[in-house]
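# Structure at a glance
So you can see what is in the structure, the chains are spelled out below.
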Amino acid sequence: MGNVIHFLDHILGISEGISSLSPMQVGIRAALIYIFGYAMLRISGNRLVARSTPFDVVLGFIFGTTLSRAINGTAPFLDTVAAAIILIGLHWLFVTLSYHSDRINAFLNGHAIPLIKKGVRQEAN
């Protein structure tokens, strides 16, 4: 087990500071985070791309920002991965709750306000 941890530390620079990451370590981190991020989006149902609501867009920004910190080393690698897993888990929970409850769905996703109805501009909207 100690050899595996030492190997991961060497490849990913887990115990090193941001200024001491090599280009190889940053590249490997980027590849792993890309694969991890893609897998997490697929597991979560890929709503961020398919049917974006403001709720989904906010998660997209937070998810991307969080994962970028794992690549450039400004946050601990494994802690950042754990935070991303928690974000996707919370998103999945809220999506599930909004599916089963119209009130929660309305709160999280809002509702459409038509600007044009039957060809007539809705001035009040």
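Residues numbered from 1 in each chain as written. Predicted model: local features only at pLDDT ≥ 70, side-chain atom pairs only at ≥ 80, totals over all residues. Heavy atoms only, no water.

A grouping of Ile 86, Leu 90, Trp 92, Leu 93, Phe 94, Leu 97 and Ile 104 is seen on the molecular surface, where their side chains present a nonpolar patch of about 620 Å² in accessible area. Its place among the elements puts Leu 93 in helix α5 (residues 77-100). (Patch = residues over 30% accessible without salt bridge, like charges linked within 9 Å, V, L, I, M, F, W, Y side chains within 5 Å. Areas by Shrake-Rupley, 256 points an atom, 1.4 Å probe, with all protein chains shown as cover. Salt bridge = Lys/Arg side-chain N within 4 Å of Asp/Glu carboxyl O. Helix = DSSP H or I, 4+ residues; strand = E, 2+ residues; numbered from the N terminus.)

Along the chain, Thr 80 turns up in helix α5. You can call Thr 80 buried: its relative accessible area is 5%. (Buried < 20%, exposed > 50% of the residue type's maximum accessible area, 1.4 Å probe, protein only.)

Take the packing of helix α4 (residues 54-72) against α5 next. Axis separation between α4 and α5 bottoms out at 8 Å; the angle between their running directions is 170°. In terms of axis orientation, α4 runs roughly antiparallel to α5. Note on element contacts: α5 touches α4 through Phe 77, Thr 80, Ala 83, Ala 84, Leu 87, Ile 88, His 91, Phe 94 and Val 95, opposite Phe 55, Asp 56, Leu 59, Ile 62, Phe 63, Thr 66, Leu 67 and Ala 70. Looking at the contact of α4 with α5 residue by residue, the classes come out as 13 nonpolar, three polar and one charged. (Axes fitted to C-alpha atoms, helices over the stretch in contact; angles between N-to-C directions. Parallel < 35°, antiparallel > 145°, perpendicular 65-115°, else oblique. Contact = heavy atoms within 4.5 Å. Nonpolar A, V, L, I, M, F, W, Y, C, P; charged D, E, K, R; others polar.)

When a protein is soluble and globular, its nonpolar side chains tend to lie buried together. In terms of nonpolar packing, the biggest core is built from 15 residues, with Ile 33, Phe 36, Phe 63, Leu 67, Phe 77 and Ile 88 touching the most fellow members. Broken down by secondary-structure element, the contributors of at least two residues to this core are α1 (2-12), α2 (23-43), α4 and α5. The dominant element in this core, judged by the number of residues it contributes, is α5, at five residues. If we skip the residues at most four places from it in the chain, Ile 33 touches Leu 67, Ala 70, Ile 71, Phe 77 and Val 81. (Core = buried A, V, L, I, M, F, W, Y, C linked by side-chain atoms within 4.5 Å.)

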